[in-house]
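Each chain, written out:
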Amino acid sequence: MRGTTVLPGDPCTAPRHGEPPVHRLEVRPPAEVPFAAGGFDAMGPMSRAAFPHRHTFYEIVHVVAGSGTHVLDLERHEVRPPQLGVILPGQVHHWEGVHGLEGSLVLFTPEFLVGGVGEEGLLRRLGERPWAALDAAAHERTGRLMEELAEEYRHGADGFAGVLRSLLHVLLVRAARLPGGASRPAPVLRGIAEEFVRLAGRAGVDGLSVRECAERLGVTPGHLSEAVRAATGRTPAALLREARTREAQRLIISTELSIRQIAARVGFADPAYFCRFFRRETGRSPGDFRKHHDRRDPSIEGGARPA
């Protein structure tokens, strides 16, 4: 297979101590495209990974058989085929207690998208509803598309990268049409706003401030605020708070890091201030949030967290 997820011992970027491993998309000649498609077995053992991890790429999974649970950030989705799942870069996920899991996957990086930032916006919308049940007709259409993507990728004939991009575009548009899909149009982002939205996802991980983001983008904080507000209707500060909160939630439920360590990882030197921030954004203290989501807690329905 020309591309697949790599084993935890060979991550894209070594995770900081205590954090989930990060998997990249392995690109091999002669393909040299940041894309892979095929069944669970073809994608390798990490396609059914039972431990929390992140990706640097997008993953779309069409589940056609099996049982168990897919855990994605704060949500647990029961496997009830046929289903379509969307996993965004940076999200923490794993499979839990699965049996007979079968289906196909499409893996790709943002730069592979034919629609550029517009399709990234569509994927973010799909990520708000990441686990969709398919009726018979949608299941059949999705299956045909996944097979075409895998076959085109496998053969690698002349012009195959363009065909893959076109088929992927069709898959995303049809996914957005599913009941409960990406009903809201994604905002059209250009220039500084586009660059900031891409940076904001990493900013939550790196604990960047609005000023630091502006410096990285080569603009003033005031110009950044005007551009982002005009494009998204929200301020850079609000988007960064959202990114920081989301990253803190991921670390709280998927790692053994202390609250003090997590506070530092998302840019808070003062753990007490981080606790106040987290409670204001989520309605719970970090400790209560961890207890509520800890699968090892016998008071939480669902049993133990996998080893």
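Up top is the structure.
Owing to the predicted nature of the structure, the values given are computational and were not obtained by experimental measurement.

Caption draft 1: Broad picture of the pairing of strand β7 (residues 93-108). Summarising the sheet, strand β2 (residues 35-39) and β7 pair through five bridges and their orientation is antiparallel. The residue of β7 that forms the bridge with G38 is L105. One ladder, built from 12 bridges, connects strand β4 (residues 58-72) with β7; its direction is antiparallel. Within β7, the position partnered with A65 by the bridge is E102.

Caption draft 2: The nonpolar core, seen in detail. Ranked by internal contacts, the top residues of the largest apolar core, which has 46 residues, are F35, V106, F108, L123, L149 and L168. Per-element accounting of this core gives the leading share, nine residues, to helix α4 (residues 160-177). Leaving out residues up to four positions away in the same chain, F108 has contacts with L25, P34, F35, F57, Y58, I60, L113, L123 and L168. By size, the runner-up hydrophobic cluster in this structure holds 14 residues, among which are A248, I252, L257 and F277.

Caption draft 3: Spatial organisation of helix α7 (residues 221-232). In this model α7 runs 16 Å from its N-terminal to its C-terminal C-alpha over 12 residues, within 8% of the 16 Å that 1.5 Å per residue would give. One or two positions beyond α7, positive phi appears at G233, with a value near 80°.

Caption draft 4: Fine view of the environment of W131. Relative to the helices and strands, W131 resides in strand β8 (residues 131-133). A sequence separation of 59 residues divides W131 from L72, and the C-alpha atoms of the two residues are 9.5 Å apart. Contacts of W131, omitting those with residues within four sequence positions, involve V61, V63, H70, H77, E78, Q83, L84, G85 and W95. A distance of 3.3 Å separates polar atoms of two side chains, one belonging to W131 and the other to Q83.

Caption draft 5: Highlighting the pattern of salt bridges. Going through the model one piece at a time under the given rule, you end up with 13 salt bridges. In this structure, R54 engages E247 in a salt bridge whose closest nitrogen and oxygen atoms are separated by 2.4 Å. A residue pair is termed long-range when its members are at least 10 positions apart, and R54 in strand β3 (residues 54-55) and E247 in helix α8 (residues 236-254) qualify at 193 residues. Residue R54 is classed as buried on the basis of its relative accessible area of 6%. You can call E247 buried: its relative accessible area is 2%. Residues E281 and R280 are paired through a salt bridge, measuring 3.7 Å at the closest nitrogen-oxygen approach. Under the relative-accessibility criterion, R280 is labelled exposed at 53%. Here the salt bridges share partners, and the residues they tie into one network are R54, D73, E247 and R250.

Caption draft 6: Seen up close, unusual backbone geometry. In this structure, P82 follows P81 across a cis peptide bond, with omega equal to -5°. Mapped onto the elements, P82 comes out in the loop between β5 (75-78) and β6 (83-87). Positive phi, close to 50°, is recorded for D73, a residue that is not glycine. Counting through the fold element by element, D73 comes out in the loop between β4 and β5. We classify D73 as buried; its relative accessible area is 13%.

Caption draft 7: The arrangement of α8 in detail. Helix length check: α8, at 19 residues, gives a terminal C-alpha distance of 27 Å against a target of 27 Å (1.5 Å per residue), a fit within 8%. The element α8 is largely enclosed, with a buried count of 15 among its 19 residues.

Caption draft 8: The side chain of T245, seen in detail. Positionally, T245 belongs in helix α8. Residue classification places T245 among the buried residues on the basis of a relative accessible area of 7%. Polar side-chain contacts of T245 include one of 2.8 Å to the backbone oxygen of R241.

Caption draft 9: The arrangement of the packing of aromatic side chains in detail. A complete count under the given rule lists 10 aromatic pairs for this structure. Ring geometry for F274 and F278: centres 5.9 Å apart, planes at 45°, overall tilted. You can see F274 and its partner F278 sitting in helix α10 (residues 271-282), four residues apart, about one turn around the helix. As far as the burial class goes, F274 and F278 line up, both buried. Ring geometry for F278 versus F289: centroids 5.3 Å apart, planes at 80°, classification edge-to-face. One end of the pair, F278, is in helix α10; the other, F289, is in helix α11 (residues 286-293), with 11 residues separating them in the sequence. Considered together, F278 and F289 belong to a single accessibility category, that of buried residues.

Caption draft 10: Representation of the packing of α8 against α11 in the model. Contact geometry of α8 with α11 gives a least axis separation of 9 Å together with a crossing angle of 55°. The pairing of α8 with α11 is recorded here as oblique in orientation. For α8 against α11, the interelement crossing comes out right-handed. Residues Q249, L251, I252 and I253 of α8 lie in contact with α11, whose contacting residues are P286, F289, R290 and H293. Of the residues belonging to the contact of α8 with α11, the class tally is five nonpolar, two polar and one charged.

What counts as what
- Counting of residues starts from 1 at the beginning of each chain's written sequence and follows it residue by residue.
- With pLDDT at 70 or above as the cut-off, local features in this predicted model cover only qualifying residues; side-chain atom pairs require 80 or more to be listed or tallied, and sums for whole chains, interfaces and linings still use all residues.
- Water and hydrogen atoms play no part in the side-chain values, which are based on all heavy atoms of the structure.
- Strand pairing is defined by DSSP finding a minimum of two bridges between the two strands.
- Comment: elements are numbered from the N terminus, with helices defined as DSSP H or I runs of at least four residues and strands as E runs of at least two.
- Buried residues of nine kinds, namely Ala, Val, Leu, Ile, Met, Phe, Trp, Tyr and Cys, make up a nonpolar core once their side-chain atoms join them within 4.5 Å.
- Think of it in three bands: residues with accessible area under 20% of the maximum for their type are buried, residues over 50% are exposed, and the middle band is partly exposed, with areas taken using a 1.4 Å probe on protein chains only.
- The contact criterion used throughout is that any non-hydrogen atoms of two residues lie within 4.5 Å.
- What a helix should span is 1.5 Å times the count of its residues minus one.
- N or O atoms closer than or at 3.5 Å make up a polar contact, with two conditions inside protein: a donor-capable atom paired with an acceptor-capable one, and, for residues adjacent in sequence, both atoms drawn from side chains.
- Salt bridges are identified by distance alone: a Lys or Arg side-chain nitrogen within 4 Å of an Asp or Glu carboxyl oxygen.
- Centres within 6.5 Å make a pair out of two Phe, Tyr or Trp rings, where for Trp the six-membered ring is used; the pair is then stacked when the planes are under 30 degrees apart, edge-to-face when over 60, and tilted otherwise.
- Axis geometry follows a simple rule: fit a line to the C-alpha atoms, using only the stretch in contact for helices, then measure angles between N-to-C directions, giving values from 0 to 180 degrees.
- Roughly parallel covers angles under 35 degrees, roughly antiparallel covers those over 145, roughly perpendicular covers 65 to 115, and oblique covers all other angles.
- Here a crossing is called left-handed whenever its near helix is offset anticlockwise from the far helix by less than a right angle, and right-handed whenever the offset is clockwise.
- Any residue that is not Ala, Val, Leu, Ile, Met, Phe, Trp, Tyr, Cys, Pro, Asp, Glu, Lys or Arg is counted as polar, Gly included; the first ten are nonpolar and the last four charged.

Everything listed here is a matter of geometry and, on its own, says nothing about what the molecule does.
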